[in-house]
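# Summary of the model geometry
Chain by chain, the residues run as shown.
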Amino acid sequence: MEFNVKKLASDAGVFFSRAMQFTEEKLGQAEKTELDAHFENLLARADCTKNWTEKILRQTEVLLQPNPSARVEEFLYEKLDRKVPSRVTNGELLAQYMTEAANDFGPGTPYGKTLIKVGETQRRLGAAEREFIRSASINFLTPLRNFLEGDWRTISKERRILQNRRLDLDACKARLKKAKAAEAKAALWNDEVEKAEHELRLTQTEFDRQAEVTRLLLEGISSTHVNHLRCLHEFVESQTNYYAQCYQFMLDLQKQLGSSKGEIFSGTFVGNADSASPAAATSPPVAAATLPAVPTIPVVPTIVGVPNTVAEGALNPNEVKPPASGTRRARVLYDYEAADSTELALLADEMITVYSLPGMDPDWLIGERGNQKGKVPVTYLELLS
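Let me sum up the structure you'll find in this document. (Residues numbered from 1 in each chain as written. Predicted model: local features only at pLDDT ≥ 70, side-chain atom pairs only at ≥ 80, totals over all residues. Heavy atoms only, no water.)

### Overview of the overall build of the protein
Summing up its helical and strand segments, the protein has eleven helices and five strands in all. Within the span of the protein, comprising 385 residues, buried residues form 32% of the whole. Of the roughly 23,800 Å² of accessible surface on the protein, a fraction of 58% belongs to carbon and sulfur atoms. (Helix = DSSP H or I, 4+ residues; strand = E, 2+ residues; numbered from the N terminus. Buried < 20%, exposed > 50% of the residue type's maximum accessible area, 1.4 Å probe, protein only. Areas by Shrake-Rupley, 256 points an atom, 1.4 Å probe, with all protein chains shown as cover.)

Here it is in structure tokens:
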């Protein structure tokens, strides 16, 4: 009991001494031991590393999980050392809704078929997103978090110890200075001077030892940068793979929709002026506007139950002739497989001649390559001036 009381009294005395020294330094009434320039640079570099690592970590978490409630939930599960429950991605949820809608509308209808195709692509996008989040969390977020919760905590602890050692050292210097000043006035303070000098040697040794420990930890920040650099490369690679997968999924979907578009809208491809919808009349197609139509073929109004043979013949790619003017060159953006004999198969990056005819679906053009001719989807082309 007596030992504990003495220890508490000693600790209180040390704390009071440090507080007095710190206060006098702030008021400019006491001298302060300054660290060398190299040490100060190491401290500044460590603080900079910690601050930017925190910001990058937090913003990456926002990127991977924009929902703040979900982030809080994952944080709580992590702190409780429990497995985070699997969460459905937005793409997977959208895929589920589209599939259910297709079943209600009829999976055999054009709309139902398209919903199923788009839903499957959304499901694949959601799965790719889930894998990207998992990879980024393991290879990028975890190393950053480990630094902040491990190495940085150790550095902070040793820095606090070093600060206390410095305050003790400067307090001993101040006591020695006072003892020598008193010794100069009276020869009765020899014991006090010797005691102060002994305490100064001890505190100086402890300060130097702690400074060396802290310096070694601070110099380890260079290794931290190397490790974070490697993790950053892995994060970029994961992100690149994710976006490449998404691009390929959407490209495949676009091809599927382009191939079936002619079948779905076969009735609107052979159009005429009298049967045009109000929306089409008020909003002229962009593609048709860029290619001047040549009204050289008369358009016959459609009679219910009687096929419009003139219009159909006019839009038969094998029979129409290119207009004298209004043709343009176009570069093919993606490969396209012709759905039937009226369409022209395309290869990416090839050059073809295209033109529009009256009554055509604005999403399609007539394309020519040598002696080959057929309908081509506008979305697969880059029209050149």
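### Remarks on the nonpolar core
One broad trend across soluble globular proteins is that nonpolar side chains are buried collectively. Core analysis: the largest hydrophobic core is formed by 34 residues, its most contacted members being Phe39, Phe132, Phe140 and Leu218. Residue assignment for this core shows that the elements contributing at least two residues are α2 (37-64), α5 (110-185), α6 (190-219) and α7 (221-264). Looking at this core element by element, the count peaks at 16 residues for α5. Once residues lying within four places of it in the same chain are set aside, the contact partners of Phe132 are Leu64, Phe235, Ser238, Gln239 and Tyr242. (Core = buried A, V, L, I, M, F, W, Y, C linked by side-chain atoms within 4.5 Å. Contact = heavy atoms within 4.5 Å.)

### Quick look at unusual backbone geometry
The phi torsion at Asp349 lies on the positive side, around 75°, for a residue other than glycine. Its location among the elements puts Asp349 in the loop between β1 (328-332) and β2 (351-355). According to the relative accessible area criterion, Asp349 is exposed, its value standing at 54%.

### Here we look at helix α4 (residues 90-105)
Spanning 16 residues, α4 covers 22 Å between terminal C-alpha atoms, matching the ideal 22 Å at 1.5 Å per step. For α4, the set of buried residues is Gly91, Glu92, Ala95, Met98 and Ala102. Along the long axis of α4, the arc covered by the buried residues comes to 120°, so they all point the same way. Opposite the buried face of α4, by more than 90 degrees, sit the exposed residues Asn90 and Asp104. After α4 finishes, the residue Gly106 shows a positive phi value of roughly 115°. (Expected span 1.5 Å × (residues − 1). Arc of directions from axis to C-beta.)

### Observations concerning the pattern of salt bridges
Taken as a whole and assessed by the stated rule, the structure comprises 19 salt bridges. For Asp168, the salt bridge goes to Arg18, with nearest N and O atoms at 2.8 Å. Here the residue Asp168 occupies a position in helix α5, and Arg18 occupies one in helix α1 (residues 2-26), the gap between them amounting to 150 residues. Take Asp168: its relative accessible area is 13%, and that puts it in the buried class. The shortest N-O distance in the salt bridge between Glu92 and Arg130 comes to 2.5 Å. You can see Glu92 sitting in helix α4 and its partner Arg130 sitting in helix α5, a full 38 residues away along the chain. A relative accessible area of 18% places Glu92 in the buried class. In the salt-bridge network here, residues are joined through shared partners; they are Arg58, Glu61 and Arg145. (Salt bridge = Lys/Arg side-chain N within 4 Å of Asp/Glu carboxyl O.)

### So, the environment of Arg130
The class of Arg130 is partly exposed, set by a relative accessible area of 31%. Through-space distance from the C-alpha of Arg130 to that of Glu92 is 9.7 Å; in sequence the pair is 38 residues apart. Ignoring anything within four residues of it in the chain, the contact list for Arg130 reads Ser86, Arg87, Val88, Thr89 and Glu92.

### Some words on the pairing of strand β4 (residues 372-377)
Across six bridges, the pairing between strand β3 (residues 364-369) and β4 is antiparallel. Residue pairing for β4: Leu365 is matched across the bridge by Val376. The hairpin formed by β3 and β4 contains two residues between the paired strands, and Gly370 there has a positive phi angle of roughly 65°. (Pairing = 2+ DSSP bridges.)

### What to know about the sheet that holds β4
In spatial order, the strands read β4-β3-β2-β1-β5; together these five strands make up an open sheet with antiparallel pairing. Two strands bound the open sheet, and with one partner strand each, they are β4 and β5 (381-383). Shown here is a sheet whose adjacent strand axes are inclined to one another by a mean of 40°, direction ignored. Relative to β2, β1 runs antiparallel, the two being bridged by four bridges. Residue pairing across strands places Ala330 opposite Ile352, the latter belonging to β2. (Axes fitted to C-alpha atoms, helices over the stretch in contact; angles between N-to-C directions.)

### Quick look at the environment of Glu234
Considering the arrangement of structural elements, one finds Glu234 in helix α7. Note: C-alpha distance between Glu234 and Phe140 (94 residues apart in sequence) is 7.3 Å.

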